[in-house]
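For reference, the chains in residue letters:
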Amino acid sequence: MLTRIAGDTSRDRLSVTDLLILLEGRATAGLLLLFAFPNILPMPPGTSGILGLPLVYLSFQMMLGQRPWLPRFIAQRSLPRADFAAILARCAPALVRAERLLIPRILPLSSPLAVRLVGGLCLGLSIVLLLPIPLGNMLPALALAILALGVLERDGLWIVGGGLLAILAFAIIWGVIWAFIRGLSLLFA
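Residues numbered from 1 in each chain as written. Predicted model: local features only at pLDDT ≥ 70, side-chain atom pairs only at ≥ 80, totals over all residues. Heavy atoms only, no water.

Draft legend 1. Up close: the nonpolar core. Core analysis: the biggest nonpolar cluster contains 30 residues, and Leu-32, Met-62, Val-118, Leu-125 and Val-151 have the highest contact counts within it. By residue number, the principal contributor to this core is helix H8 (residues 138–152), which donates nine residues. Ignoring sequence-local partners within four residues, the contact set of Leu-125 consists of Pro-140, Ala-143, Leu-144, Leu-147, Ala-166, Ala-169 and Phe-170. If you look at the next biggest cluster of nonpolar residues, it comprises five residues, including Ala-6, Leu-14, Phe-84 and Leu-88. (Core = buried A, V, L, I, M, F, W, Y, C linked by side-chain atoms within 4.5 Å. Buried < 20%, exposed > 50% of the residue type's maximum accessible area, 1.4 Å probe, protein only. Helix = DSSP H or I, 4+ residues; strand = E, 2+ residues; numbered from the N terminus. Contact = heavy atoms within 4.5 Å.)

If you want it as structure tokens, here you go:
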């Protein structure tokens, strides 16, 4: 799809809005991936709060089945189509490897209703990501990234994997919160 966009000689420039329109409903998942991926890596404290707010907003839009809305100053940013094609050419080897693993399968899990349910799951993960738990953002962010990749490529197997990872993330975070509350109750008892 990106190669088709880069090869479209009818346009000289590509704006962010153009990409959102041309990605045909998968733009929200692409933006989720963009904001979730940095949280997978160890980052300075507070980073998950900065990157988590857009994740909450985008996953809420996904849950409602809406296209992502961006402020005008971001949506109108553009670059020459030739530059986009050059960037894509440099990224092509990595994209080809990823596409070998991500293929459309178990298609009912990438239907519009299923994507809205995935959006609800992503919303829960995004909220957990905002919690100030040291290193507690990595697993929810990984689950978000896997879910976003599954939605982007309509790969139900990756969506299932991301869902299972999300359940694990919720269980671990709940355990951490419970242990913290239990520790506080013992401290003040």
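Further notes follow.
Draft legend 2. Here's a closer look at helix H3 (residues 27–40). The first and last C-alpha atoms of H3 sit 20 Å apart over 14 residues, in line with the 20 Å expected at 1.5 Å per residue. When we look at burial in H3, the residues that qualify are Ala-27, Thr-28, Ala-29, Leu-31, Leu-32, Leu-33, Ala-36, Asn-39 and Ile-40. Taken together, the buried residues of H3 touch helix H2 (16–22), helix H4 (47–64), helix H7 (112–130) and H8. (Expected span 1.5 Å × (residues − 1).)

Draft legend 3. Layout of the packing of H4 against H7. Between H4 and H7, whose axes approach to 8 Å, the crossing angle comes to 160°. Of the possible angle classes, the one that applies to H4 and H7 is roughly antiparallel. Considering only the axes of H4 and H7, their crossing is left-handed. In this structure, H4 contributes Ser-48, Gly-49, Gly-52, Leu-53, Leu-55, Val-56, Ser-59, Phe-60, Met-62, Met-63 and Leu-64 to the contact, and H7 contributes Val-115, Arg-116, Val-118, Gly-119, Gly-120, Cys-122, Leu-123, Ser-126, Ile-127, Leu-129 and Leu-130. Grouping the amino acids of the contact of H4 with H7 by side-chain chemistry returns 14 nonpolar, seven polar and one charged. (Axes fitted to C-alpha atoms, helices over the stretch in contact; angles between N-to-C directions. Parallel < 35°, antiparallel > 145°, perpendicular 65-115°, else oblique. Left-handed = near helix turned anticlockwise from the far one by under 90°. Nonpolar A, V, L, I, M, F, W, Y, C, P; charged D, E, K, R; others polar.)

Draft legend 4. Representation of the pattern of salt bridges in the model. In the structure shown here, the tally under the stated rule is one salt bridge. The salt bridge partner of Arg-105 is Asp-155, with a shortest N-O separation of 2.8 Å. With a gap of 50 residues between them, Arg-105 in the loop between helix H6 (81–101) and H7 and Asp-155 in the loop between H8 and helix H9 (156–188) connect regions that are remote in the sequence. Take Asp-155: its relative accessible area is 0%, and that puts it in the buried class. (Salt bridge = Lys/Arg side-chain N within 4 Å of Asp/Glu carboxyl O.)

Draft legend 5. The side chain of Ser-59, seen in detail. Tracing the backbone shows Ser-59 in helix H4. Look at Ser-59 and you get buried, because its relative accessible area is 0%. A distance of 3.5 Å separates a polar side-chain atom of Ser-59 from the backbone nitrogen of Leu-123. A polar contact of 3.5 Å, which involves the side chain of Ser-59, links it to the side chain of Ser-126. Leave out the neighbours within four places in its chain, and Ser-59 touches Leu-32, Gly-119, Cys-122, Leu-123 and Ser-126. (Polar contact = N/O pair within 3.5 Å; in protein donor to acceptor, adjacent residues only side chain to side chain.)

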